[in-house]
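Structural overview
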Amino acid sequence: MQRCIQLAKNGLGTTYPNPMVGSVIVHNNKIIGEGWHYEAGKPHAEVNAIASVKKTSLLKESTIYVSLEPCSHFGKTPPCSDLIIAKGIKKVVIGTIDTFDKVSGSGVQKLMSAGCDVIVGVLEKECADLNKRFFTFHNKKRPYIILKWAETKDGYIAPASTKKREPVWITNAYSRQIVHKWRAEEQAILVGNQTVLKDNPKLTIRDWFGKNPIRVVIDRSSKIPKDSSVLNLTTQTILITSEKHKNTNSDTLIYEIVDSQKCTTEEICAILYKHNIQSVIIEGGSHTIQSFIDKNLWDEARVFTGNTIFESGIKAPVYKGKMVSEERIKTDVLKTYQND
């Protein structure tokens, strides 16, 4: 099952809106096939694992391991549980049940009804954590929310003022590359208008490879200049604003009209859910991040501390969470927290 999890992680950032899944086929304690889900609309992990087996006659004597319950419904692809049954595989080991309402135990029931010996709950916590984005979206009706910021050694995320409309870097180039890698792994990235007004960020991937995240910009008071980089139409952008624009929605720029006085973090989450966004990195600024913390609408915080001192400026967000990891990146320190 550990190998299933390892394989499934290859799909991070490419399987949306589907979950990440890995599968391994074992015959006489030897792996004879393995696979993972690459992309929505393409074959699932079980299909790829079965297809990789060279001597198909061994399938009837084999055990198939899969990190997530095999699907039992027709989507863009046929049910994996049907394929397992058709191939005569009699033993199935599953990491965790799929809580998605179209599956949610029905895959296990179909396999058992066909005479398969089914074991559920092997490395269950690890397999569930693998798809924390997928489960959060379907169970909580909102995206998995990752807060991210960099702060100085004396606790500031920005200087008191800056003359140029561009970022003031707190972290080193290696940390910034990691952030671009994260952007490729999540579906969306969100900032408030103050970040756009001060830094004019592109919010795209430049120091990594992969697909740009959907840019989400909160501009309730419609202060963002039209020449801002986030409005350059190079990648899909959702602008949450109170002002009705003459421009109609397009594939690359979507306007979400809200009441500037009443728009809440809950409403923002609802907008993201409407657009089928399963995960979002909230990069700033301090007021935007703090508003999600205050409403307890966050799952993970990734906090860089750079080898920098400002002495004054905008203070870092205030939060409580359980630290789950700490690592040094040259001169920087990265700590990751979970919201308990």
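All chains use their own residue numbering, which begins from 1 and follows the written sequence. Confidence filtering applies because this is a predicted model: local features only for residues at pLDDT of at least 70, side-chain atom pairs given and counted only at 80 or more, and all residues used for totals across whole chains, interfaces and linings. Excluding hydrogens and water, the side-chain figures rest on all heavy atoms present in the structure.

Focus on the overall build of the protein
For helices the rule is a DSSP run of H or I covering at least 4 residues; for strands it is a run of E covering at least 2, with both sets numbered from the N terminus onward. A tally of helices and strands in the protein yields 10 helices and 16 strands. By the compact-globule yardstick of 20 Å for 340 residues, the protein fits well, its C-alpha radius of gyration being 23 Å. Overall, the C-alpha framework of the protein stretches about 70 × 45 × 30 Å when taken along its three principal axes. Remark: exposure states derive from per-residue accessible area (1.4 Å probe, protein chains only) relative to the maximum for the residue type, with buried under 20%, exposed over 50%, and partly exposed in between. Per-residue burial over the protein gives 50% buried out of 340 residues. Entry remark: accessible area of the protein is about 16900 Å², with carbon and sulfur atoms responsible for 49%. With the radius of gyration taken over C-alpha atoms, the globule rule is written as 2.2 Å times the number of residues to the power 0.38. Using the Shrake-Rupley algorithm and a 1.4 Å probe, accessible areas are obtained, with residue cover drawn only from the displayed protein chains.

Things to note about the UniProt feature "binding site: substrate" (unreviewed entry) in the protein
Within the UniProt annotation, "binding site: substrate" (unreviewed entry) is assigned to Arg183, Leu203, Arg206 and Glu283. Among the residues just listed, Arg183, Leu203, Arg206 and Glu283 line the largest pocket. Following the sequence through the fold, Leu203 ends up in the loop between helix 8 (193–199) and strand 9 (214–219). Classification of Leu203 as buried rests on a relative accessible area of 2%. Residues in contact with Leu203, not counting those within four places in the same chain, are Arg183, Ile189, Val191, Pro213, Arg215, Val230 and Glu283. Residue placement: Arg206 occurs in the loop between helix 8 and strand 9. Residue Arg206 is classed as partly exposed on the basis of its relative accessible area, which comes to 44%. UniProt positions are given in the numbering used here, feature names are shortened, and annotations may be inferred rather than shown by experiment. The distinction between a cavity and a pocket rests on a 1 Å grid over the protein atoms alone: a 1.4 Å probe fits inside a cavity but cannot get out, while a pocket stays open yet meets protein on both sides within 12 Å along at least five of seven lines, and a residue with an atom within 4 Å of a point counts as lining. It only takes one pair of heavy atoms within 4.5 Å for two residues to be counted as in contact.

Section: the layout of surface pockets
Grid points are joined across faces, edges and corners, and a volume is the space filled by probe spheres set on the points. The computed volume of the largest pocket comes to approximately 1100 Å³. Lining of the largest pocket is provided by 48 residues; of these, Thr195, Asp199, Glu283, Gly284 and Gly285 occupy positions nearest its centre. Looking at the lining of the largest pocket, the element that brings in the most residues is helix 10 (residues 286–294), giving six residues. Looking at side-chain class alone, the lining of the largest pocket contains 20 nonpolar, 18 polar and 10 charged residues. Polar here means any residue other than Ala, Val, Leu, Ile, Met, Phe, Trp, Tyr, Cys and Pro, which are nonpolar, and Asp, Glu, Lys and Arg, which are charged; Gly is therefore polar.

Some details on helix 6 (residues 132–140)
The element helix 6 is extensively covered by neighbouring structure, given that seven of its nine residues are classed as buried. Taken together, the buried positions of helix 6 are occupied by Lys132, Arg133, Phe134, Phe135, Thr136, Phe137 and His138. Positioned one or two residues after helix 6, Lys141 has a phi angle of 60 degrees, which is positive.

Some words on empty space enclosed by the protein
Applying the stated criterion across every chain yields a total of one cavity of 30 Å³ or more. Of the voids in this model, the largest cavity is the one considered here, and its volume is about 60 Å³. The wall of the largest cavity is formed by 13 residues, among which Thr15, Tyr16, Met20, Asn131 and Arg133 lie closest to the centre. Grouping the amino acids of the lining of the largest cavity by side-chain chemistry returns six nonpolar, six polar and one charged.

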